[in-house]
Amino acid sequence: MTSFNRSTSRRLKKLTQIPSVWEGDRRPLSSPNQFSDSEAKGECILWVDYSQGVVRGMDIVASDIGPEAIVRTLMQAMEHPQSPARPARPQRIVVKDREIQFYLRGVLQDLDIAIDYAPELPLIDELFRGFADILDSQTPDLPPQYAQILREKAFAIWQAAPWEFLEEQQILSIEINKWDVGTLYASVMGMLGMEYGILFYRSEESLKQFRAAVLTDQESTEHLEEAFLKQDCLFLTFESADETDEDEDQEDDLADLPLSEIDPTFGNIHPLEGLRSVLYDEEALVILVAIESLSRFIRDHRRQLHEDIFPTVGRRYRISLPQSEESSTKSVPVTVSTMPQLAAELEEMAGFDIDDQEIDNPDFQSLQDDLIPEDSFLSLGVVSWEMLEYLRKGVSYHQAGEIKQVGDGLPVILIQTSRPKAKTVIERIEATGGLRAICFNPGANPFDGDRYDLGLLQTQNGELFLFGEFLDEDPTHVEARKKWNQRCKNTKGYCGLIIAKGLTGASRGNPQLRDMMALFEARSLSPKDLGIGTLQLMPQLKFE
């Protein structure tokens, strides 16, 4: 049997011994009627001063932890008790477990403390009854009668993976007309590989307000949090079942994990309630019907939803309800439809105004990838307004229009290569009449399922040139694109392309003003403005 070090025993014996009786026990924390297997697992160790009626020490431990844990909690109760108790050593200890009694007699034999047994511990019994009442009164995250079927339907959605072909603005309406819910508007999250789930908005107005609020200020954390909490929706999200603080710093895609490591979470957001990760009975039925009808719709129209153009399709389903003593309703008719017009409206909200200089795009014929040298250094960034004036005076400069100096500077694409190759790039752009626009357009590889954000240059003669391919799930690029979008919004769609030399020199990756050879000012186009849809990677390894 493990015993105290002599120095520890001497230290404990120096504590004042008070004429008090302490009760100690170790019991399962969960109530027999507990509904979940969450944090209620484990055991609670309590040490109380029966004479004074106060708790001196308490700890929660795993059920498989040995008897040493009750001694550790006792030491805390003696040396560092909970307020208002002061450090002290009891005259007598009472426990109701014979094994604990014999164990403590062996460990505490040098401390002059009597260890007695009693079949009941009045104060501790009362405290644990209170704990059990609290646990029994807690509301479960999901109504117990619907918990299993909700999780099953959620996993069916996870395996259907609608985020592989539906973007957040491609809204699906789910008409239910029951439980005081008319139509839900489903927005699928996950195409960028960052957050996976579905938001079920209770109104178009709430959806549009949230989108508008996010677009107004994409860089303010407080603003985004406020906009988030003003939504009116039910939600289903997916997380790692073993998520820890360390995991949050990793960049692994949740989609790469096996199904056993995925955990669905349900909840509600409302301007007056905030975020609530609890569903009540009617809410659980609403989201159950919504998920099931959405799963069927995806199954029936998967091929059409994969098309570049968001189709106009709808379907009516009859969804069976779980048996309930409170309701005789066995099924609910539901209609699921795509909303191309709303999707176009949301895309327009996210786009940039091109003012009276709107660009008329020629018919798309092909995308060329031979303008920018393969070994070039590429970055998305910004040049300050002061630096812009220096550039305009010191390099080959092509103006696009009158730019208002709003924000921290002009958003630019910087391409650094060798001097001879830089000259060739500049000459080719000038030969086409100059640079008209810069655009990021979606691309996809049908062979491995990867999705890309393609950086494109459009010249004045209508030709398109690829300057970069960025994976959608790359968090660095996602962040850079957010800043690019906001800066272009500030400048009313104006941006620039800088061609620099010095790729093999000391300024590689960080070209100085002397390395910059040309500045082409241009307009920023949204994919909708460009109007060429998602580009598919063809067998010859070029986007066409």
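The structure presented is a predicted model; accordingly, all values stated were derived computationally and were not measured.

A few words on the sheet that holds strand β1 (residues 17-28). Strand order in the open sheet made by the five strands is β3-β2-β1-β4-β5, with mixed pairing throughout. In the strand order of this sheet, the two ends are held by β3 (54-61) and β5 (114-117), each with one partner. Pairs of neighbouring strands in the sheet enclose a mean axial angle of 20 degrees, with direction left out of account. Sheet topology places β1 next to strand β4 (residues 89-95); five bridges connect them, and they run parallel. In the strand pairing of β4, Ile18 is matched with Pro90. Along the sheet face, helix α3 (residues 98-107) touches β1, β2 (43-49), β4 and β5 and points at about 170 degrees away from the line of β5.

Most of strand β22 (residues 516-525) is tucked away, with ten of its ten residues classed as buried. Where strand β16 (residues 396-398) and β22 come together, three bridges link them in parallel fashion. Bridge pairing links His398 to Phe520 in β22. Pairing between strand β18 (residues 435-444) and β22: three bridges, direction parallel. Across the sheet, the residue bridging to Ile438 is Ser524, located in β22.

So, on to the nonpolar core. It is characteristic of soluble globular proteins that their nonpolar side chains tend to be buried jointly. Grouped together as the largest cluster of nonpolar side chains are 51 residues, with contacts concentrated most on Ile157, Ile174, Ile176, Phe200, Phe238 and Phe266. The leading source of residues in this core is helix α9 (residues 281-305), at twelve residues. Setting aside residues no more than four positions away along its own chain, Ile174 makes contact with Gly182, Thr183, Leu184, Ala186, Phe200, Ala290, Ser293, Leu294, Val334, Thr335 and Val336. Core analysis: the second largest hydrophobic core is formed by 26 residues, Val71, Leu74, Met75 and Ile113 among them.

The next subject is helix α2 (residues 68-79). The end-to-end C-alpha distance of α2, which contains twelve residues, comes to 17 Å, matching closely the 16 Å that a straight helix rising 1.5 Å per residue would cover. Counting buried residues along α2, nine of its twelve residues qualify, which places the element largely inside the surrounding structure. Buried residues along α2 sit in contact with α1 (6-13), β1, β2, β3, β4 and α3.

On to the side chain of Ser20, then. By the element assignment, Ser20 lies in strand β1. With relative accessibility at 6%, the residue Ser20 sits in the buried group. If near-sequence neighbours (up to four positions away) are discounted, Ser20 is found in contact with Asp49, Ser51, Gln52, Pro90, Gln91 and Arg92.

Below, the discussion takes up the sheet that holds strand β13 (residues 331-338). Reading across from one edge, β11-β10-β9-β8-β7-β6-β13-β12 is the order of the eight strands in this open sheet, with antiparallel pairing throughout. Each edge of the open sheet carries a strand with a single partner, namely β11 (274-276) and β12 (314-320). Put simply, the sheet's adjacent strands are angled 25 degrees from each other on average, direction ignored. Where strand β10 (residues 262-270) lies against β11, three bridges are found, and the strand directions are antiparallel. Each residue of the ladder has a partner; that of Ile269, found in β11, is Leu275. Across the sheet, helix α5 (residues 144-160) lies against β8 (196-201), β9 (233-240) and β10, angled at about 105 degrees from β10, the strand it touches most.

Conventions adopted
- Residues numbered from 1 in each chain as written.
- Predicted model: local features only at pLDDT ≥ 70, side-chain atom pairs only at ≥ 80, totals over all residues.
- Heavy atoms only, no water.
- Pairing = 2+ DSSP bridges.
- Helix = DSSP H or I, 4+ residues; strand = E, 2+ residues; numbered from the N terminus.
- Axes fitted to C-alpha atoms, helices over the stretch in contact; angles between N-to-C directions.
- Contact = heavy atoms within 4.5 Å.
- Buried < 20%, exposed > 50% of the residue type's maximum accessible area, 1.4 Å probe, protein only.
- Core = buried A, V, L, I, M, F, W, Y, C linked by side-chain atoms within 4.5 Å.
- Expected span 1.5 Å × (residues − 1).

By themselves, these observations are geometric and do not establish any function.
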